[in-house]
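Single-letter residue listing:
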Protein chains: 2
Amino acid sequence: MAEKKMVEAITSMEEDFAQWYTDVVKKAELVGYTSVKGCMVIKPAGYAIWELIQHQLDERFKAAGVENVYLPMFIPESLLQKEKDHVEGFAPEVAWVTHGGLQPLQERLCVRPTSETLFCDFYKDDIQSYRDLPKVYNQWCSVVRWEKETRPFLRSREFLWQEGHTAHATAQEAQDRTIQMLNLYADFCEQVLAIPMIKGQKTDKEKFAGAVATYTIEALMHDGKALQSGTSHNFGDGFARAFGIQFADRDNTLKYVYQTSWGMTTRLIGAVIMVHGDDEGLVLPPRIAPVQICIIPIQQKKEGVLEKAYELRDRLQNNFRVKVDDSDKTPGWKFSEAEMRGWPIRVEIGPKDLEAGRCVICRRDTREKIEVPLEQLEGKAAELLETIQSQMLERARARLEENTFCARSYEEFEKIFSQGSGFVKAMWCGDRACEDAIKEKLSVTSRCIPFCQERIADTCVCCGRPAQKMVYWGRAY
Amino acid sequence: MAEKKMVEAITSMEEDFAQWYTDVVKKAELVGYTSVKGCMVIKPAGYAIWELIQHQLDERFKAAGVENVYLPMFIPESLLQKEKDHVEGFAPEVAWVTHGGLQPLQERLCVRPTSETLFCDFYKDDIQSYRDLPKVYNQWCSVVRWEKETRPFLRSREFLWQEGHTAHATAQEAQDRTIQMLNLYADFCEQVLAIPMIKGQKTDKEKFAGAVATYTIEALMHDGKALQSGTSHNFGDGFARAFGIQFADRDNTLKYVYQTSWGMTTRLIGAVIMVHGDDEGLVLPPRIAPVQICIIPIQQKKEGVLEKAYELRDRLQNNFRVKVDDSDKTPGWKFSEAEMRGWPIRVEIGPKDLEAGRCVICRRDTREKIEVPLEQLEGKAAELLETIQSQMLERARARLEENTFCARSYEEFEKIFSQGSGFVKAMWCGDRACEDAIKEKLSVTSRCIPFCQERIADTCVCCGRPAQKMVYWGRAY
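About the criteria used
- Residues numbered from 1 in each chain as written.
- Chains lettered and ligands numbered in written order.
- Predicted model: local features only at pLDDT ≥ 70, side-chain atom pairs only at ≥ 80, totals over all residues.
- Helix = DSSP H or I, 4+ residues; strand = E, 2+ residues; numbered from the N terminus.
- Rg over C-alpha atoms; globule rule 2.2 N^0.38 Å.
- Buried ≥ 20, exposed ≤ 12 C-beta atoms within 10 Å, placed from the backbone.
- Domains from an automatic or database assignment.
- Contact = placed C-beta atoms within 7 Å.
- Nonpolar A, V, L, I, M, F, W, Y, C, P; charged D, E, K, R; others polar.
- Pairing = 2+ DSSP bridges.
- Least-squares fit on C-alpha atoms with pLDDT ≥ 70 in both.
- Core = buried A, V, L, I, M, F, W, Y, C linked by C-beta atoms within 7 Å.
- Right-handed = clockwise from strand over helix to strand, strands pointing away.
- Axes fitted to C-alpha atoms, helices over the stretch in contact; angles between N-to-C directions.
- Arc of directions from axis to C-beta.

1. A closer look at the overall build of chain A
So, point 1. Looking only at helices and strands, chain A features 15 helices and 23 strands.
So, point 2. The C-alpha atoms of chain A give a radius of gyration of 25 Å, which matches the 23 Å a tight globule of 477 residues would have.
So, point 3. Across the 477 residues that make up chain A, the buried fraction comes to 50%.

Following this line, the structure appears as structure tokens:
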């Protein structure tokens, strides 16, 4: 009964993808709603995924010479206004603090939507000489953007992220760091989240407010929509000039620094759900699964069953994240719940298994069942988790390829997007008017100018003038 | 020259303790100032300490069954007002958001000063049955309190902390959790920060807004002032009644839950500075030192010196946090800097050491120098770091004892506080009027009613009426 209820409660992906997403997020207990509109509670099952992401990403940051810091959450209005494009981009969507205690503030403060201006204000005093460079700082924090429509993980008024902010002596070094961090992001998403990424540059229309160039990694969700998953910006010396961040170089002249920033957010959890999930719920790549192995005792009241389950847990937990579900629910209910929560491996152990000295392993991703002698469990589990991780990436990569199309003419382009979604590779003249026209007509945006360019056609897919670049187009979250 | 400048810049503790603190915080590059009044930048050297605290405290939390979550940073005004004492305690010192984007908000939001109200609002829906209990949740985040006077780490308008919030089926379970977490805090401070704590209960005057009982750990700083270092609150069912948090118990009746909360903050870094620091700067306990061993090459341009320094680093870095200072500064300057930053062990290696196959180890805490054969370096370093950690605690404990006094009469009490500061154990009648009088006359507050009670006298140190409890009194940060 409970089992049936749990399964019934999920809409199928085919029927209504948006509703499926909401159901999974709720039934897998990743988030809760609050009385603060547009803000969510990240519950233990969701936050544990974020902790695993954070831990592994931070490890890669440190290996890349990044140092963590913490800057204030408030930005005085005058500071936000120092860089023209930046304030225009963010001012319409920030939250304003106007009172501290019982007193009105002399100058209102916005809650950081991003911290370029604060880092600039800090670097202005902290950087004096070439010896102080480079600065490669990052912070883990939350930011606020007053979005009108919100969805858990994908778009909320407050979200968790990391934001790296660097300062360099030369333009080349800043550009190198921008690309280094984009590559680090893409590599992390492939290796840890099992999500293949398209790497490329944003068009001027889509770039970050205040950036010279914005680079992005874009992923394809199960419904064919694109998700911008991380960005890395090269600011040139624009912010440095606006804030007066200068250093005495080796030749004893004062020069402006060159800056970058880069960020990834809890949106990554949304990507994991929409790339790997299925009609039974979440499917987690082993590297970010808070529980990698869930042991479910069958007929747990029979002698020796629970004891064996605990013994297996004790054996496994040195190398894996393990849980025994010894609750008083039925095994069927427990299976459904383990599937809903996306735990990569389920181990079933009952009286018959005990007798035969084996257990049954069930993979969450393929639902394949394997009988394993108990003495081989550690080795088999380790091997399977590796296999699951790499096959999840392979399947996601195959789906990305299947859903990436080429359009040589506007007719082809329109036909693909009228029949469905996906990435469409098509040539572009470089003119914003064509981007605007395509968005207007098809609700499709340029996702990026990929690093891997192909010469698909000679003319722009929209206006027919000579083509400059191949662009990935898609409908985006 | 540079060396001299660095040393000169620190005021001695004796001369001016407050200025000494400010100098250390700045010269050890723990924090930076910002244009946001009362908010600080936590720089890499400071944040790395916080990360080590966070990591080791979180490990202990997880072993104690705590799960991490994340709740919004905003609290609607109506939510804050639901518990009467709580709103009175916090409303005067919160920051108010009144506009989101370009629109005024229908209801203003405060930036969380603490999250009891949000957790209650969440638990109200999340808890239905005894099966949902207990909830033992924690979050790592920043909070905002609009303080008038601020000092880095000790009191700032925004600070980092963890806040645990639990819900239980019975009053006893809530009380047990309150004490369990206080003990965990005290143990953490002793074992990791090498700071001995006095554990006890706050008087009603000093307890948390909305709590039935507040427990505290109190430490003694080098200047004889007390620092409240962590608190744990038992709320009874007060918040549950105000917010309507009920569960169906096993007997099928609806009951209110019992709640607790507990927190520690970046203030702990202030405690570390003021308990262990000296006139050369910071002294870090090895367990929270971002660099445990700093290798300083002497005459580093001589053949083989730098190579040997790197070789030692490569050998040591599997087990320790190690750094080679290969900058172009003089060894003397490097020594001063390593001392200022509080790194526990300095390893000196020069051409003569190379020849003799040894190096010189210098302890930061005692400044003792030891010659060590290179092949014994790992073992000796491990042993020394353990010794430093435990001796720092011993010395801090001895200082705490030396500066803890007994006062049997008001004359004794007054005399101690007129001559200096420290903890004073004295009896109290239980009446708030005596606390008020003592604060008024001597700027001294009750720090706690310690768990370890002694019967020092029969009468209250202030009014002479029969004594109820022994209290620790002190001047506090």
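2. Some words on the domain arrangement of chain A
Residues and elements named next belong to chain A.
So, point 1. When cut into domains, chain A gives domain 1 (7-276), domain 2 (291-384) and domain 3 (404-474).
So, point 2. The straight-line distance from the C-alpha centre of domain 1 to that of domain 2 is 39 Å.
So, point 3. Listed as interface residues are four residues of domain 1 and, on the opposing side, four residues of domain 2.
So, point 4. Residue classes in the side of domain 1 that touches domain 2 are distributed as three nonpolar, no polar and one charged.

3. A few points about the sheet that holds strand β14 (residues 258-265) of chain B
All names here are of chain B.
So, point 1. Across the sheet, which stays open at both edges, the eleven strands sit in the order β3-β7-β8-β14-β11-β10-β9-β22-β23-β21-β20 with mixed pairing between neighbours. Since the sheet does not close on itself, it has two edges, and those belong to β3 (67-68) and β20 (404-406), each with one partner.
So, point 2. Sheet topology note: the strand β9 (residues 198-201)/strand β10 (residues 213-220) ladder contains four bridges and is antiparallel. Counted as the bridge partner of glycine 200 is threonine 216 from β10.

4. A short note on the relation of the copies chain B and chain A
So, point 1. Between chain B and chain A, the superposition needs a rotation of 180 degrees and an axial shift of 0.0 Å, giving an RMSD of 0.0 Å. With respect to symmetry, the two chain copies, as superposed, fit the operation of a two-fold axis. The position closest to the rotation axis in chain B is occupied by the C-alpha of B:Val97, lying 2.1 Å away.
So, point 2. A share of 100% of interface residues in chain B that are also interface residues in chain A marks the association as one of identical surfaces.

5. Section: the nonpolar core
So, point 1. One finds A:Ile295 and B:Ile295 to be the most contacted residues of the largest nonpolar core, which totals 296 residues.
So, point 2. Not counting chain neighbours up to four residues away, the residues in contact with B:Ile295 comprise B:Ala309, B:Leu312, B:Arg313, B:Val322, B:Val324, B:Val347 and B:Ile349.

6. Overview of the environment of A:Gly89
Residues and elements named next belong to chain A.
So, point 1. Note that glycine 89 resides in helix α5 (residues 84-90).
So, point 2. Judged by the 17 C-beta atoms lying within 10 Å of it, glycine 89 is partly exposed.
So, point 3. As for glycine 89 and glutamate 303, which are separated by 214 residues in sequence, their C-alpha atoms are 66 Å apart.

7. Here's the deal with the pairing of strand β15 (residues 293-297) of chain A
Residues and elements named next belong to chain A.
So, point 1. Among the five residues in β15, five count as buried, and that is most of the element.
So, point 2. The alternating pattern of β15 places Ile293, Ile295 and Pro297 and Cys294 and Ile296 on opposite faces, both of which are buried.
So, point 3. Pairing between β15 and strand β16 (residues 322-324): three bridges, direction parallel. Counted as the bridge partner of isoleucine 295 is valine 324 from β16.
So, point 4. After leaving β15, the chain enters helix α10 (residues 305-316) and then returns to the sheet as β16, a path that is right-handed.

8. Points about the sheet that holds strand β16 (residues 322-324) of chain B
Residue and element names in this part refer to chain B.
So, point 1. The sheet built from five strands is open, its strands ordered β16-β15-β17-β18-β19 with mixed pairing. Here the strands that pair on one side only, and so sit at the sheet edges, are β16 and β19 (369-373). With direction set aside, neighbouring strand axes in the sheet form an average angle of 25 degrees.
So, point 2. The strands touched by helix α10 (residues 305-316) are β15 (293-297), β16 and β17 (345-349); relative to β15, the strand with the most contacts, the crossing angle is about 165 degrees.

9. Some points on the interface of chain B and chain A
So, point 1. At the junction of the two partners, chain B supplies 40 residues and chain A supplies 40 residues.
So, point 2. Sorting the residues of the side of chain B that touches chain A by element identifies β2 (40-42), α3 (44-63), β3, β4 (74-76), β5 (95-100), α6 (116-126) and β8 (158-168) of chain B as the ones contributing at least two each.
So, point 3. Counting residues per element, the side of chain B that touches chain A draws most heavily on β5(B), which supplies six residues.
So, point 4. Classifying every residue of the side of chain B that touches chain A gives 24 nonpolar, nine polar and seven charged.
So, point 5. Direction of pairing for strand β5 (residues 95-100) of chain A relative to β5(B): antiparallel, over a ladder of five bridges. Among the inter-strand pairings, A:His99 is bridged to a residue of β5(B), identified as B:Trp96.

10. Some thoughts on helix α2 (residues 17-27) of chain B
All names here are of chain B.
So, point 1. Within the span of α2, buried status applies to Trp20, Tyr21, Val24 and Val25. Along the long axis of α2, the arc covered by the buried residues comes to 130 degrees, so they all point the same way.
So, point 2. Along its buried surface, α2 packs onto β1 (31-33) and α9 (267-276).
So, point 3. One or two steps after α2, the chain reaches glutamate 29, where phi turns positive at roughly 55 degrees.

11. Things to note about the environment of B:Ala18
So, point 1. Note that B:Ala18 resides in helix α2.
So, point 2. Taking the C-alpha atoms as reference points, B:Ala18 and B:Asp223, 205 residues apart in sequence, are found 9.2 Å from one another.

12. A closer look at the pairing of strand β11 (residues 226-236) of chain A
Residues and elements named next belong to chain A.
So, point 1. Burial analysis of β11 places nine of its eleven residues in the buried class, the great majority of the element.
So, point 2. Judged from the eight bridges that link them, strand β10 (residues 213-220) and β11 form a sheet pairing that is antiparallel. Bridging from a neighbouring strand, threonine 214 pairs with histidine 233 of β11.
So, point 3. Between β10 and β11, which pair antiparallel in sequence order, lie five residues; one of them, glycine 224, sits at a positive phi of approximately 85 degrees.
So, point 4. Here β11 runs beside strand β14 (residues 258-265); their pairing, made up of five bridges, is antiparallel. Across the sheet, threonine 231 pairs through a bridge with glycine 263, a residue of β14.

13. Observations concerning helix α15 (residues 432-442) of chain B
All names here are of chain B.
So, point 1. Along α15, the residues classified as buried are Cys434, Glu435 and Ile438. For α15, the buried positions fall inside an angular range of 100 degrees around the axis, keeping them on one side. Across from the buried face of α15, at angles greater than 90 degrees, the exposed residues are Ala433, Asp436 and Glu440.
So, point 2. Contacts from the buried residues of α15 go to β21 (423-428), β22 (445-450) and β23 (469-474).

14. Regarding unusual backbone geometry
So, point 1. Cis geometry is found at the peptide bond from A:Leu133 to A:Pro134, where omega equals -5 degrees.
So, point 2. With respect to the secondary-structure elements, A:Pro134 resides in the loop between α6 (116-126) and β7 (135-144).
So, point 3. You will see that A:Asn252, though not glycine, has its phi angle at about 65 degrees, which is positive.
So, point 4. Considering the arrangement of structural elements, one finds A:Asn252 in the loop between β12 (246-248) and β13 (254-256).
So, point 5. At B:Gln299, a residue that is not glycine, the phi angle is positive and equals roughly 50 degrees.

15. A closer look at the environment of A:Arg367
Residues and elements named next belong to chain A.
So, point 1. Within the secondary structure, arginine 367 sits in the loop between β18 (358-363) and β19 (369-373).
So, point 2. A tally of 11 C-beta atoms within 10 Å means that arginine 367 is categorised as exposed.
So, point 3. Separated by 28 residues in the primary sequence, arginine 367 and glutamate 339 have C-alpha atoms spaced 9.3 Å apart.

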